[in-house]
Amino acid sequence: MIELIPAIDIIGGKCVRLTKGDYGQKTVYNDDPLQVAREFEALGFKRLHVVDLDGAKSKHVVNIDILRRITTETELVVDFGGGIKSEKDIQQAFENGAAMVTVGSLAVTNPDLFIEWMQRFGAERIILGADVRNGMISINGWKENSAMALLPFLGNYIEHGIKNVLCTEISKDGTLSGPATSLYTEIMKHYPQIHLIASGGISNTEDILDLNEKGIPAVVFGKAYYEGRIDVKKLLNHE
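Residues numbered from 1 in each chain as written. Predicted model: local features only at pLDDT ≥ 70, side-chain atom pairs only at ≥ 80, totals over all residues. Heavy atoms only, no water.

Draft legend 1. Structural context of the overall build of the protein. The helix and strand tally for the protein stands at 11 helices and 12 strands. On C-alpha atoms alone, the protein measures out to a radius of gyration of 16 Å, which is about the 18 Å that the 2.2 N^0.38 rule sets for 239 residues. Based on the C-alpha atoms only, the size of the protein along its principal axes is roughly 40 × 40 × 35 Å. Taking all 239 residues of the protein together, the buried fraction comes to 59%. Pairs at least 24 apart in sequence give 66% of the contacts found in the protein among residues at least 6 apart. With the model as given, the accessible surface of the protein reaches about 9900 Å², and the carbon-plus-sulfur share is 45%. Counting 25 positive and 32 negative side-chain charges, the protein places the centres of these two groups 3 Å from one another. (Helix = DSSP H or I, 4+ residues; strand = E, 2+ residues; numbered from the N terminus. Rg over C-alpha atoms; globule rule 2.2 N^0.38 Å. Buried < 20%, exposed > 50% of the residue type's maximum accessible area, 1.4 Å probe, protein only. Contact = heavy atoms within 4.5 Å. Areas by Shrake-Rupley, 256 points an atom, 1.4 Å probe, with all protein chains shown as cover. Lys, Arg positive; Asp, Glu negative; His and termini not counted. Charge placed at Lys NZ, Arg CZ, Asp CG, Glu CD.)

Below you can see the structure in the form of structure tokens.
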């Protein structure tokens, strides 16, 4: 079964969701991310994707206290991203309980440092964030476009040993319009060896089951859950 990874996005200490990464299109779902994390754990989820949106905007980690509360007060395996740009940022994330970190922008702007982190901390603890708009990688909280095309970007880091890739189709994110399934299947056709985490556009349970049928290894979802569109029991009991 596809790995199920619910998401908590944080702005101002609150659990929110954006639409297409637009900070002006923000919905607050809960004032306490820890309460949400506990709910996910109680439902039976094992993994959690935490995004520090304040950090992504500020270009340094901001909501480290919330990460620490979640990792000390739940047993969830947490990957943490948003604003990880420096040695201090990545050290803070690991010291405060993150099992993995998601790094995107820095992999574009400073590939040598990204590779150094892979070698130092282990490729299994680093998730390459590939945020895509019109086939090109976007950086810094999706506010800037790079000149890097998706497949060569992935191929370079796969050659260096990256195992985990989180790919978000920005035009889909937070829209409940269905995932970019063709994009994910194209990635898997080229790079079947990676653990690809699909992100963006999940609208209901069937979207996730469809990705499962197409062999996508993992999926992140947020808004669909918060809007009551996910049948958790059906997913967790699916063989």
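Draft legend 2. The side chain of Lys223, seen in detail. Its place among the elements puts Lys223 in helix 10 (residues 223-226). No salt bridge is formed by the buried Lys223; the nearest opposite charge belongs to Glu227, separated by 5.2 Å. (Salt bridge = Lys/Arg side-chain N within 4 Å of Asp/Glu carboxyl O.)

Draft legend 3. Geometry of empty space enclosed by the protein. In total, this model carries one cavity of 30 Å³ or more according to the counting rule given. Estimated volume of the largest cavity: approximately 590 Å³. Around the largest cavity, the lining is made up of 42 residues, and of these His49, Val51, Leu53, Asp131 and Trp142 lie nearest the centre. A breakdown of the residues in the lining of the largest cavity according to their chemical character gives 17 nonpolar, 19 polar and six charged. (1 Å grid on protein atoms, 1.4 Å probe; cavity = no way out; pocket = protein on both sides within 12 Å on 5 of 7 lines; lining within 4 Å. Points joined across faces, edges and corners; volume = space filled by probe spheres on them. Nonpolar A, V, L, I, M, F, W, Y, C, P; charged D, E, K, R; others polar.)

Draft legend 4. Region of the structure containing unusual backbone geometry. With a phi close to 55°, Asn134 is a non-glycine residue in the positive phi region. Relative to the helices and strands, Asn134 is located in the loop between strand 7 (126-133) and strand 8 (136-139).

Draft legend 5. Quick look at the nonpolar core. Core analysis: the largest hydrophobic core is formed by 74 residues, its most contacted members being Phe114 and Leu154. The element best represented in this core is helix 6 (residues 111-121), accounting for six residues. (Core = buried A, V, L, I, M, F, W, Y, C linked by side-chain atoms within 4.5 Å.)

Draft legend 6. Representation of the packing of aromatic side chains. Overall, the coordinates contain nine aromatic pairs when judged by the stated rule. When the centroid spacing of 4.7 Å and the interplanar angle of 70° are considered together, the rings of Phe114 and Tyr157 count as edge-to-face. Note that Phe114 is positioned in helix 6 and Tyr157 in helix 7 (residues 150-159), a separation of 43 residues in sequence. Residue class for Phe114 comes out buried when judged on its relative accessible area of 0%. Here the aromatic rings of Phe153 and Tyr157 are separated by 5.6 Å at their centres, their planes lie at 80°, and the arrangement is edge-to-face. Of this pair, Phe153 and Tyr157 both sit in helix 7, four residues apart, roughly one helical turn. We classify Tyr157 as buried; its relative accessible area is 1%. One aromatic cluster is present, formed by Tyr29, Phe40, Phe45, Phe221, Tyr225 and Tyr226 through successive ring pairs. (Phe/Tyr/Trp six-rings, centres within 6.5 Å; stacked < 30°, edge-to-face > 60°.)

Draft legend 7. How the structure looks around the packing of helix 4 (residues 87-95) against helix 6. Running from N to C, helix 4 and helix 6 point in directions that differ by 30°, and their axes come no closer than 12 Å. Our pair here, helix 4 against helix 6, has a crossing hand that is right-handed. Residues Glu87, Ile90, Gln91 and Phe94 of helix 4 pack against Trp117, Arg120 and Phe121 of helix 6. Grouping the constituent residues of the contact of helix 4 with helix 6 by class yields four nonpolar, one polar and two charged. (Axes fitted to C-alpha atoms, helices over the stretch in contact; angles between N-to-C directions. Left-handed = near helix turned anticlockwise from the far one by under 90°.)

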